[in-house]
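# An overview of the molecular structure
Read off the chains here:
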Amino acid sequence: MLAILAPGQGAQKPGMLTDWLELPGAEPFFRWAGAIADADLLSLGTSGDAEAIKDTAVTQPLVVAMSLFVARELGGLPGPVAHTPHAGRDVVITGHSVGELTAAALAGVLSVEAAIALTAVRGRAMAAACAQIPTGMSAVLGGDPAEVTTALEKHGLTPANMNGGGQVVAAGPLDGLAALKADPPAKARIMPLSVAGAFHTDYMASARAELEGLVGGLRPAAPSRLLLSNADGAAVTTGAEALARLVSQVTSPVRFDACLATLRELGVTAAIELPPAGALAGLAKREWKGSGIEILTLTGPADLDRARELIAAERGRAEAQHLPDWRVVVAPARGTVSPADVPEGTRLPAGTPLGCIRGRREEVNVSAGYDGVLAEWLVHEGDLVDAGDPIARLYPEVAE
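Residues numbered from 1 in each chain as written. Predicted model: local features only at pLDDT ≥ 70, side-chain atom pairs only at ≥ 80, totals over all residues. Heavy atoms only, no water.

## Some points on the overall build of the protein chain
Secondary structure assignment for the protein chain yields twelve helices and 17 strands. For 400 residues, the compact-globule estimate of 2.2 N^0.38 gives 21 Å, and the C-alpha radius of gyration of the protein chain, at 20 Å, lies within 12% of that figure. Structurally, the protein chain occupies a C-alpha span of about 60 × 55 × 45 Å along its principal axes. Considering the protein chain as a whole, with its 400 residues, one finds that 55% of them fall into the buried category. Here the analysis covers contacts within the protein chain between residues at least 6 apart in sequence; of these, 74% occur between residues at least 24 apart. By element, 53% of the accessible surface of the protein chain is carried by carbon and sulfur atoms, the whole surface being about 16600 Å². Between the centroid of the 31 positive side chains of the protein chain and the centroid of its 45 negative side chains there is a distance of 3 Å. (Helix = DSSP H or I, 4+ residues; strand = E, 2+ residues; numbered from the N terminus. Rg over C-alpha atoms; globule rule 2.2 N^0.38 Å. Buried < 20%, exposed > 50% of the residue type's maximum accessible area, 1.4 Å probe, protein only. Contact = heavy atoms within 4.5 Å. Areas by Shrake-Rupley, 256 points an atom, 1.4 Å probe, with all protein chains shown as cover. Lys, Arg positive; Asp, Glu negative; His and termini not counted. Charge placed at Lys NZ, Arg CZ, Asp CG, Glu CD.)

Right, dumping it as structure tokens:
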């Protein structure tokens, strides 16, 4: 099984498009993508300095457009041109943060145009949210997980990214991040990140609301390939669910560690990270150490031949029927959980209420997103949860 990894914001580098422009059709593609995103992506990706390309409003469409172009150049992936399964090619796709929009296009959920346009709106909306209150993010490298969690809570911070490989990204007020750096958990190193604000937290609520107001105009298709979600590492089975998760992830933690765990459980034998590549491959190498999984970073056109070989190696294999045996229902917001009175082992039709999360500002209902059987409650009445924390495990119902 071959995994395709789509990077997110933070992976960008000055001049990252330059080498790729030697490929036929590259320059027109980025001019066209820039017209959709209302940004000069071609100039930003070739002559833009580090400061210019860290602007959230333009960085996000630049990263997504670059990944989509190179995926199209490979030709053997399920999209972005053809959105139907390629018989005998066993591919699973996942993205990190805004890379989930790339993944959605590659899985056929969204057209390339819709993915780039939605990314541009997302980037501008998140940039506006960042301007409201000064916030930021810092990577916490190493340390005991329980001690890291305690330290973040102490300083009023949120674990916005749980990336695997011993890396957690803390997000929140700048004074809290400064306090964390001054008093880090034992055996942990704090690395401030060059970002505009606290992504994947409640500070992005206005951006989420803006996206919610426009996605109703889209008509997502069912994934044509196995597509994993950052929310919990589970496979997304419908276009509507994929779109809903793309919106909710703006204020919810990125659980890329869960995606890496699912990929390993599925028996992935090789992974290709689309450009701008490097960050996700590094996480995967640490998380999959000793597994023998080949990890290829596409850093330039010279890497395309090996990528095509990995894709070609999947030809002729029987179509995979792998899906994770269970899926996790996660908290949509921070607050106190009140589970529904549903016994474990109960069959649940899609939409069955599973309880609610009571926060300081609102009460959010939780329901089953698909038909299944309640395997296990993971919380008790009154437990405090963060957005993205697991609440229950469900076994998807399989038609006989």
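## Observations concerning the nonpolar core
Core analysis: the biggest nonpolar cluster contains 76 residues, and Ile4, Phe30, Leu68, Ile93, Leu110, Ile272 and Leu298 have the highest contact counts within it. Considering every element that reaches this core, the biggest residue donor is helix 5 (residues 112-132), with eleven residues. If we ignore the near neighbours within four places in the chain, the residues touching Ile272 are Leu2, Ala3, Ile4, Leu5, Leu296, Leu298, Ala307, Leu310 and Ile311. The next biggest cluster of nonpolar side chains, apart from the first, holds 22 residues, and it includes Ala3, Val268, Ala281 and Ile293. (Core = buried A, V, L, I, M, F, W, Y, C linked by side-chain atoms within 4.5 Å.)

## Regarding helix 7 (residues 174-182)
Of all the positions in helix 7, only Gly176, Leu177 and Leu180 are classed as buried. Buried residues of helix 7, seen end-on, are gathered within an arc of 100 degrees and therefore sit on one face of the element. Facing away from the buried side of helix 7 by over 90 degrees, the exposed positions are Asp175 and Ala182. Buried residues along helix 7 sit in contact with strand 3 (135-142), helix 6 (145-154), strand 5 (167-173) and strand 6 (188-192). (Arc of directions from axis to C-beta.)

## Observations concerning the pattern of salt bridges
One pass over the full model with this rule turns up twelve salt bridges. When the shortest N-O distance is used, the salt bridge between Glu27 and Arg31 registers 2.8 Å. One end of the pair is Glu27 and the other is Arg31, both in helix 1 (residues 26-37) and four residues apart, which spans about a single turn. Of the residues examined, Glu27 reaches a relative accessible area of 37% and is grouped as partly exposed. Of the charged contacts in the structure, one is a salt bridge between Arg255 and Asp257, with a shortest N-O distance of 2.9 Å. (Salt bridge = Lys/Arg side-chain N within 4 Å of Asp/Glu carboxyl O.)

## Notes on the confidence of the model for the protein chain
Of all residues in the protein chain, 91% have pLDDT values of 70 or greater, and the mean over the chain is 88. In this model residues 76-89 is a low-confidence stretch, pLDDT under 50, and it forms 46 contacts with partners more than four residues away in sequence or in other chains. Below a pLDDT of 50 lies the segment residues 318-322, which in the model reaches ten contacts outside its immediate sequence neighbourhood of four places, other chains included. (pLDDT = per-residue confidence, 0-100.)

## Some details on empty space enclosed by the protein
Under the definition given, this model contains two cavities of 30 Å³ or more. In this model, the largest cavity occupies a volume close to 80 Å³. If you go around the largest cavity, the residues you meet are Glu100, Ala103, Ala104, Leu227, Leu228, Ser229, Val236, Ala242, Arg245 and Leu246. Elements represented by at least two residues in the lining of the largest cavity include exactly helix 4 (99-106) and helix 9 (239-248). Tallied by class, the residues present in the lining of the largest cavity amount to seven nonpolar, one polar and two charged. There is about 30 Å³ of room inside the second largest cavity. In terms of lining, the second largest cavity is formed by Leu101, Leu118, Arg122, Leu211, Leu246 and Val247. Elements supplying a minimum of two residues to the lining of the second largest cavity: helix 5 and helix 9. Considered class by class, the residues forming the lining of the second largest cavity number five nonpolar, no polar and one charged. (1 Å grid on protein atoms, 1.4 Å probe; cavity = no way out; pocket = protein on both sides within 12 Å on 5 of 7 lines; lining within 4 Å. Points joined across faces, edges and corners; volume = space filled by probe spheres on them. Nonpolar A, V, L, I, M, F, W, Y, C, P; charged D, E, K, R; others polar.)

## Let's talk about the layout of surface pockets
Reported here for the largest pocket is a volume of approximately 890 Å³. Going through the elements one at a time, helix 5, helix 6, strand 4 (158-164), strand 5, helix 8 (205-212) and strand 13 (353-358) are the ones with two or more residues in the lining of the largest pocket. The biggest single contributor to the lining of the largest pocket is helix 8, with four residues. When its residues are assigned to classes, the lining of the largest pocket shows 16 nonpolar, nine polar and ten charged. By volume, the second largest pocket amounts to about 690 Å³. Contributing to the lining of the second largest pocket are 33 residues, with Gln9, Gly10, Ala11, Leu193 and Val195 lying nearest its centre.

## Details of the sheet that holds strand 14 (residues 363-367)
With antiparallel pairing, four strands are arranged side by side in an open sheet as 14-13-11-16. Two strands close off the open sheet at either side, each with one partner strand: strand 14 and strand 16 (384-385). Relative to strand 13, strand 11 (residues 335-339) is paired through four bridges, and the arrangement is antiparallel. Among the inter-strand pairings, Pro339 is bridged to a residue of strand 13, identified as Gly355. (Pairing = 2+ DSSP bridges.)

## Describing the pairing of strand 14
What you see with strand 14 is a clean split: Val364 and Val366 sit on the buried side and Glu363, Asn365 and Ser367 on the side with no burial. By the bridge criterion, five bridges tie strand 13 to strand 14 in an arrangement that is antiparallel. From the neighbouring strand, Arg358 faces strand 14, where its bridge partner is Glu363. The hairpin formed by strand 13 and strand 14 contains four residues between the paired strands.

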